[in-house]
Amino acid sequence: MKYKIQALNGFNMYFDQIISVFRTKYETEDNINLDQLAIKTGLNRRKARMLLNFLADIGLSQKRTLKKTSLGNILFKYDDYFQNEGTLWLLHYLQSYNEYLIIWNRIINHLYDVDEVNRIELFTLFKDLKENISEHTYKRHIGDEIRVVLDSYINQNFSKLNLLEFDEDKYFVHRNSDVPELILLCSIILYRNAFYQGATALNIKDLCDSNNSPGKIFIIDEHIFRKKLENLKNTGIIGIESRGDLDQIRISDDLKYEGVLEKYYQG
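The structure presented is a predicted model; accordingly, all values stated were derived computationally and were not measured.

Student: I'd love a proper account of the layout of surface pockets, names of residues and values included.
Tutor: If you add up the space inside the largest pocket, you get close to 260 Å³. Along the wall of the largest pocket there are 14 residues; nearest its centre are G59, L94, Y97, L190 and A194. For the lining of the largest pocket, the secondary-structure elements that each account for two or more residues are α4 (70–79) and α9 (181–195). Top element by residues in the lining of the largest pocket is α9. It accounts for 4 residues. Tallied by class, the residues present in the lining of the largest pocket amount to 8 nonpolar, 5 polar and 1 charged.

Student: Would you mind going over unusual backbone geometry in detail, with residue names and values included?
Tutor: If you check the backbone angles, E168 has positive phi at about 55° while not being a glycine. Among the structural elements, E168 can be located in the loop between β2 (164–167) and β3 (170–173). Exposure remark for E168: the relative accessible area of 68% places this residue in the exposed category.

Student: Help me get a handle on empty space enclosed by the protein, residues and values and all.
Tutor: For the structure on display, the rule yields 1 cavity of 30 Å³ or more. Considering only enclosed or pocket space, the largest cavity measures out at about 30 Å³ in volume. Looking at the largest cavity, the residues that line it are M13, F15, I18, F54, I58, F82, L91, Q95 and F158. Secondary structure elements with two or more residues in the lining of the largest cavity: α1 (15–27) and α5 (85–96). For the lining of the largest cavity, the residue count by class is 8 nonpolar, 1 polar and no charged.

Student: Would you mind going over the sheet that holds strand β6 (residues 248–250) in detail, with residue names and values included?
Tutor: Here we have 3 strands laid out as an open sheet, ordered β4-β6-β5, and antiparallel in their pairing. Since the sheet does not close on itself, it has two edges, and those belong to β4 (201–203) and β5 (239–241), each with one partner. Neighbouring strand axes in the sheet, compared pairwise and without regard to direction, differ in orientation by 25° on average. In terms of strand pairing, β5 meets β6 through 3 bridges, oriented antiparallel.

Student: How would you explain the packing of aromatic side chains if you had to name every residue and give the values?
Tutor: Enumeration over the complete set of coordinates arrives at 17 aromatic pairs. With a centroid separation of 6.3 Å and an interplanar angle of 70°, the aromatic rings of F22 and F76 are classed as edge-to-face. Within this pair, whereas F22 is found in helix α1, its partner F76 is found in helix α4, the two being separated by 54 residues in sequence. Taking the centre distance of 5.3 Å and the plane angle of 50° together, the rings of Y191 and F195 count as tilted. Taken together, the positions of Y191 and F195, both in helix α9 and 4 residues apart, correspond to about one turn of that helix. F195 sits in the partly exposed class, given a relative accessible area of 34%. Feature note: the residues W89, Y93, Y97, Y191, F195, Y196 and F218 constitute an aromatic cluster, connected by ring pairs. One residue, R175, lies across the ring of Y112, its end atom 5.1 Å from the ring centre.

Student: Residue-level account of the side chain of K216, with values.
Tutor: Within the secondary structure layout, K216 lies in helix α11 (residues 214–218). With relative accessibility at 8%, the residue K216 sits in the buried group. Excluding residues within four positions of it along the chain, K216 makes contact with I108, N109, Y112, D113, C208, D209, S210 and N211.

What counts as what
Residues numbered from 1 in each chain as written. Predicted model: local features only at pLDDT ≥ 70, side-chain atom pairs only at ≥ 80, totals over all residues. Heavy atoms only, no water. 1 Å grid on protein atoms, 1.4 Å probe; cavity = no way out; pocket = protein on both sides within 12 Å on 5 of 7 lines; lining within 4 Å. Points joined across faces, edges and corners; volume = space filled by probe spheres on them. Helix = DSSP H or I, 4+ residues; strand = E, 2+ residues; numbered from the N terminus. Nonpolar A, V, L, I, M, F, W, Y, C, P; charged D, E, K, R; others polar. Buried < 20%, exposed > 50% of the residue type's maximum accessible area, 1.4 Å probe, protein only. Pairing = 2+ DSSP bridges. Axes fitted to C-alpha atoms, helices over the stretch in contact; angles between N-to-C directions. Phe/Tyr/Trp six-rings, centres within 6.5 Å; stacked < 30°, edge-to-face > 60°. Lys NZ or Arg CZ within 6 Å of the ring centre and 35° of its normal. Contact = heavy atoms within 4.5 Å.

What follows is the structure, given as structure tokens:
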């Protein structure tokens, strides 16, 4: 499995820099070069390139070509400064369910199963990597990335999601935040596309607590998650089948996360 240890090369998740690169990219033609991007954003060339690659990792630009994506176009149209709480929840999901960003992915999945953590406990989640990477990368880069992840939810914009609270070397997990239901549905479709491609029915239990599932990444208990699904069903967007051995939601083939996201922003 291919993976990236450091999503941002060890830098903290400064949203002003990420937003600056994102907006500059989407305000200009796709063929903007790194030198132009660096000048417009005030960042050095290396940092600009790193942030462009990060945007590609979370789906806001295309891999390799770094061209715009449909998701990026929607965010640029409706919330180009990433100020809407629903945008932050979506970005949190895009980054956390992505197994390529292995440190971020494992940490957030782990939070669902605990009430509190410390850095030493989180470091043990990556023992299996020790034989595949250098000792320097294992000891230094993994520790740095754990720091960056925790800092993002304590000191940076993801703190607005109120998922973690820091006190005396421990990080306390907050459950059952009020994730907007249409953002939850976007994440369900993204999860389906990544792990059950082409499926029109998804097991509700899997959506609640399987690795990378919306329930697990958003840290929502099953009874709250089911209540949100029921609300979505009542709007007619999804169906729920719970008779006999069935316990699943049904999603039509033509329901795309882009359309759901636009519906969310349009209110």
